[in-house]
Amino acid sequence: MNEQSTELRETVRRRYATAALTVIDGAGACCGPSPVEVDENFGSALYDADERATLPAQAVAASLGCGNPTAVAELRAGERVLDLGSGGGIDVLLSARRVGPTGKAYGLDMTEEMLALALANAEKAGATNVEFLKGTIEAIPLPANTVDVVISNCVINLSVDKPAVFAEMFRVLRPGGRIGISDVVADDALTSDQRAERGDHAGCIAGALSFAEYRAGLETAGLTDVEIAPTHAVADGMHSAVVRATKPIASSGR
């Protein structure tokens, strides 16, 4: 990893560490912790009120995503789910409920503060079918062919090595497994410089791939049936999008 990439990753880590500490520090307030949303395009407001009401307040407050991947991943009882960049654990806890006691939800995050918050939230929620892992999404600490579904909420755009992320998703998915991701995607006409003009890397804008780049990256990794559907605008020419794809049944992993 070059110096610029290392610096970008550290900037992202610091931002999310600060967000976690903000939620933890606000936990003792009379009305509970305040959400850390940037604006209406990101955060817990993108989840149904009924879903938010069933979760620990700190899990909801720590949500910084651009969508609700558990709503589009079509999770089923008994499945094993992996959330890339799991943060305070909101999507892991929702996934754990959907897959039930015979399934399992993994959360992967590189930020110690977020992992500590997620573990506390899982304990408050009484979730026994969850496991949080420390690591990066470019080097997932799970064996090949381990999970049925990979989800992620506005995290892959933050990666400094997206081809590695796509390859790792393919590797850990079982044959026939699938992804259900919310992420920020740019119009194909926008250059990298134009994306950077609309927001910084840590704010989920500058590092976003275009629709064509995203599709090509997933297909190069071996994933098929790629669908990328925009849901709402987050900046001029930039969109929150739902990304779906499948690992072919004939594949045994890499």
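Residues numbered from 1 in each chain as written. Predicted model: local features only at pLDDT ≥ 70, side-chain atom pairs only at ≥ 80, totals over all residues. Heavy atoms only, no water.

Overview of the overall build of the protein
Put simply, the rule reads: Under the DSSP-based scheme used, a helix requires at least four consecutive residues in state H or I and a strand at least two consecutive residues in state E, with every element numbered from the N terminus. Contacts were defined at the residue level, with two residues in contact if any of their heavy atoms lie within 4.5 Å. Surface accessibility in these figures is a Shrake-Rupley result with a 1.4 Å probe; residues are shielded only by whichever protein chains are displayed.
Regarding its fold elements, the protein presents eight helices and eight strands. Excluding contacts between residues fewer than 6 apart, the proportion of contacts in the protein whose partners are at least 24 apart in sequence is 71%. Split by element, the accessible area of the protein, about 10600 Å² in all, is 52% carbon and sulfur.

Some remarks on the packing of aromatic side chains
Our working rule: Aromatic contacts are taken between Phe, Tyr and Trp rings whose centres are within 6.5 Å, Trp giving its six-membered ring; a plane angle under 30 degrees counts as stacked, one over 60 as edge-to-face, and the others as tilted. Each ring is checked for a lysine NZ or an arginine CZ that lies within 6 Å of its centre and within 35 degrees of its normal; such an atom marks a charge sitting over the ring.
Scanning the model with the defined rule gives one aromatic pair in all. Sitting over the ring of F170, K247 keeps its end group 4.6 Å from the ring centre.

Digging into the pattern of salt bridges
Rule in force here: By definition, a salt bridge exists where a carboxyl oxygen of Asp or Glu is found within 4 Å of a side-chain nitrogen of Lys or Arg. A simple rule labels every residue: compare its accessible area, found with a 1.4 Å probe on the protein chains alone, to the largest value its type can have, and call it buried under 20%, exposed over 50%, or partly exposed in between.
Scanning the entire structure with this criterion turns up 10 salt bridges. Residue E112 pairs with K134 through a salt bridge whose shortest N-O separation is 2.7 Å. Highlighted residues: E112 in helix α5 (residues 112-125) and K134 in strand β3 (residues 130-134), separated in sequence by 22 residues. For D148, the salt bridge identified is with R174, shortest N-O distance 2.3 Å. Taken together, the positions of D148 in strand β4 (residues 147-153) and R174 in strand β5 (residues 173-186) put the pair 26 residues apart, joining distant regions of the chain. Judged by relative accessible area, D148 falls into the buried class, the value being 12%. Each of R76, E79 and R178 takes part in salt bridges that share partners, so that together they form one network.

A closer look at the pairing of β4
In regular strands, side chains alternate between the two faces of the sheet. Short version of the rule: One bridge is not enough; two strands pair if DSSP finds at least two bridges between them.
Counting buried residues in β4 gives seven out of seven residues, a clear majority hidden from the surface. With four bridges connecting them, strand β1 (residues 80-84) and β4 associate as parallel partners. Counterpart to L84 in the pairing with β4 is S152. Judged from the six bridges that link them, β4 and β5 form a sheet pairing that is parallel. Across the sheet, residue I151 finds its bridge partner in β5, namely G180.

Side note on the side chain of S95
For S95, the location among the structural elements is in helix α4 (residues 90-99). With relative accessibility at 1%, the residue S95 sits in the buried group. Not counting chain neighbours up to four residues away, the residues in contact with S95 comprise T70, L75, V81, A105 and I151.

Some thoughts on the confidence of the model for the protein
How we decide: The predictor reports its confidence for every residue as pLDDT, a score running from 0 up to 100.
The share of residues in the protein with pLDDT of 70 or more is 70%, and the mean pLDDT across the chain is 81. Counted against residues more than four places away or in other chains, residues 27-36, with its pLDDT under 50, gives 18 contacts.

Examining helix α6 (residues 162-172)
One full turn of an α-helix is made of 3.6 residues, so residues set three or four places apart face in the same direction. Across the 11 residues that make up α6, a large majority, nine, are buried. Listed in full, the buried residues belonging to α6 are K162, A164, V165, F166, E168, M169, F170, R171 and V172. Elements in contact with the buried residues of α6: β1, β4, β5, β6 (209-210) and α8 (211-221).

So, α8
Our working definition: It is the directions from the helix axis to the C-beta atoms whose arc is reported.
All buried positions along α8 are accounted for by F211, Y214, G217, L218 and A221. The buried residues of α8 occupy an angular sector of 135 degrees when the element is viewed end-on, so they sit on one face. Elements in contact with the buried residues of α8: α6, β5, β6, β7 (224-235) and β8 (238-246).

Brief notes about the nonpolar core
Where we set the bar: Residues grouped as a nonpolar core are buried Ala, Val, Leu, Ile, Met, Phe, Trp, Tyr and Cys residues, joined through side-chain atoms within 4.5 Å.
Among the nonpolar cores identified, the biggest contains 32 residues, and L82, L84, V150, M169, I179, Y214 and L218 are the most heavily contacted of them. At the level of elements, β1, β2 (104-109), β4, α6, β5, α8, β7 and β8 are the ones that each hand at least two residues to this core. For this core, the leading source of residues is α6, giving five residues. When sequence neighbours within four positions are dropped, the list of residues in contact with Y214 reads I156, F166, I181, D183, V185, L209, I228 and V243.

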